[in-house]
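Fold and geometry: a report
For reference, the chains in residue letters:
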Amino acid sequence: MRTLIAVLILSFWMHRLPAQNQFLIYSLKGNVSAIENNKEEKVKVGKLLSATSTLKLDAGATVSLICNEVNLFTLSKPGNYQLSKFGDSCNVNRSSLSASYLKFVWAQLTKPSASVGSNRNAYMQTTGAVTRSLNDIWIDPRLDTINYCEGDFPLSWKCYSDAKEFDFMLFNSSNILEPFYTTSVKKLKISIPSFINRLKPGNTYYWIAAVKGGENEDRKVFNYVKKETYEQLLKKIKSQIKGYESPAEEAFRTAFMLEDAHYLAEAYQYYQKAASLDSANVLYRSTLMAFKKDYEIK
């Protein structure tokens, strides 16, 4: 009986102890090793370490770590670092702009999946109302609002009938009945550069797609953003991470955050850049492929 009571008391206090911090290798350059159970081995991006581990940095080495999914810090001086001493570096404001991205990267690198990069939207705020128009046209809710500055990107839709031709219409307001621009297409998409010269930067427009001759009241928002506005956002995004990133890692993070901010054409450019800079990175390649599939980019 005493043994049972002792076990219950121990179990109670174990559950009250704070969870041990975990550290994920996010980025590195040079020679970085981890010492665990008196064994030393070089680390790679994606390596998950416990607080009992020690990191060893050679001269010229730099490593950035994500702690507990939502905070990032960098070590850049040669020496040995006991991760148990970096508990303060694991405290973060979970509402920070970079927290969602870090949680996404943590999930992709620690949970093997056949669909790497395809569940980005689970970590984003890019949501919209699921609707279906009366003329068998369906537009992905992720296209409910588009912010656009530059780049080639399609506006796409799906059709539930056997229609072969579609009307694409642009409006100056959400309640004006007559479009100021209409064109017919035979594909289930239209390239933004094909009509952008009819729009003025800094203005908001609305668009719909319908079976040719039909109607569709489900208007989507298209913000034609001025270049200086976009550049301010880009500067803010690039400043979110204070620690070390390789050019490929910075490009990938920028792409993720631009997609979350509804800048899809610009996000596409950065996803391509990340995959080009680090062509061996499975996460970058898979995410680019998933992005192209999501937005009907061939």
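See the structure printed just above.
Computed from a predicted structure; not experimentally measured. (Residues numbered from 1 in each chain as written. Predicted model: local features only at pLDDT ≥ 70, side-chain atom pairs only at ≥ 80, totals over all residues. Heavy atoms only, no water.)

Regarding the pairing of strand β7 (residues 71–75)
- The buried fraction of β7 amounts to four of the five residues, a majority that puts the element mostly inside the structure.
- As judged from the five bridges shared by strand β6 (residues 62–67) and β7, these two strands associate in the antiparallel manner. Following the sheet pairing, Cys 67 is matched in β7 by Asn 71.
- Between β6 and the antiparallel strand that follows it, β7, lie three residues; Asn 68 among them carries a positive phi value of about 50°. (Buried < 20%, exposed > 50% of the residue type's maximum accessible area, 1.4 Å probe, protein only. Helix = DSSP H or I, 4+ residues; strand = E, 2+ residues; numbered from the N terminus. Pairing = 2+ DSSP bridges.)

Concerning the state of the cysteines
- In this structure the tally under the stated criterion is one disulfide.
- The side chain of Cys 67 participates in a disulfide bridge whose partner is Cys 90; the two sulfur atoms lie 1.8 Å from each other. Every disulfide takes its handedness from the sign of the S-S torsion; for Cys 67 and Cys 90 that torsion is 85°, giving right-handed. Of this pair, Cys 67 sits in strand β6 while Cys 90 sits in the loop between β8 (79–82) and α2 (99–110), and the two are 23 residues apart along the sequence. (Disulfide = S-S within 2.5 Å.)

Here we look at the sheet that holds strand β17 (residues 220–224)
- The five strands lie next to each other as β10-β17-β16-β13-β14, forming an open sheet whose pairing is mixed. Looking at the sheet topology across the chains shown, the edges are occupied by β10 (145–148) and β14 (181–185). Strand-to-strand twist of the sheet, defined as the mean angle between neighbouring strand axes without regard to direction, takes the value 25°.
- For β10 and β17, the ladder comprises four bridges, and the chain directions are parallel. Within β17, the residue paired with Ile 146 across the bridge is Phe 222. (Axes fitted to C-alpha atoms, helices over the stretch in contact; angles between N-to-C directions.)

Looking at helix α6 (residues 282–294)
- Relative to the 18 Å expected for 13 residues at 1.5 Å per residue, α6 spans 18 Å between its end C-alpha atoms, a close match to the ideal helical length.
- Residues Leu 283, Tyr 284, Thr 287, Leu 288, Ala 290 and Phe 291 constitute the buried set of α6. On an axial view of α6, the arc spanned by its buried residues comes to 165°, and they lie on one face. Relative to its buried face, α6 has exposed residues pointing more than 90 degrees away, namely Met 289 and Lys 293.
- On the buried face of α6, the contacting elements are α2, α4 (247–260) and α5 (264–277).
- The N-terminus of α6 is capped by Asn 281, whose side-chain oxygen sits 3.0 Å from the backbone nitrogen of Leu 283.
- Backbone geometry just after α6 places Glu 296 at a positive phi near 55°. (Expected span 1.5 Å × (residues − 1). Arc of directions from axis to C-beta. Contact = heavy atoms within 4.5 Å. Polar contact = N/O pair within 3.5 Å; in protein donor to acceptor, adjacent residues only side chain to side chain.)

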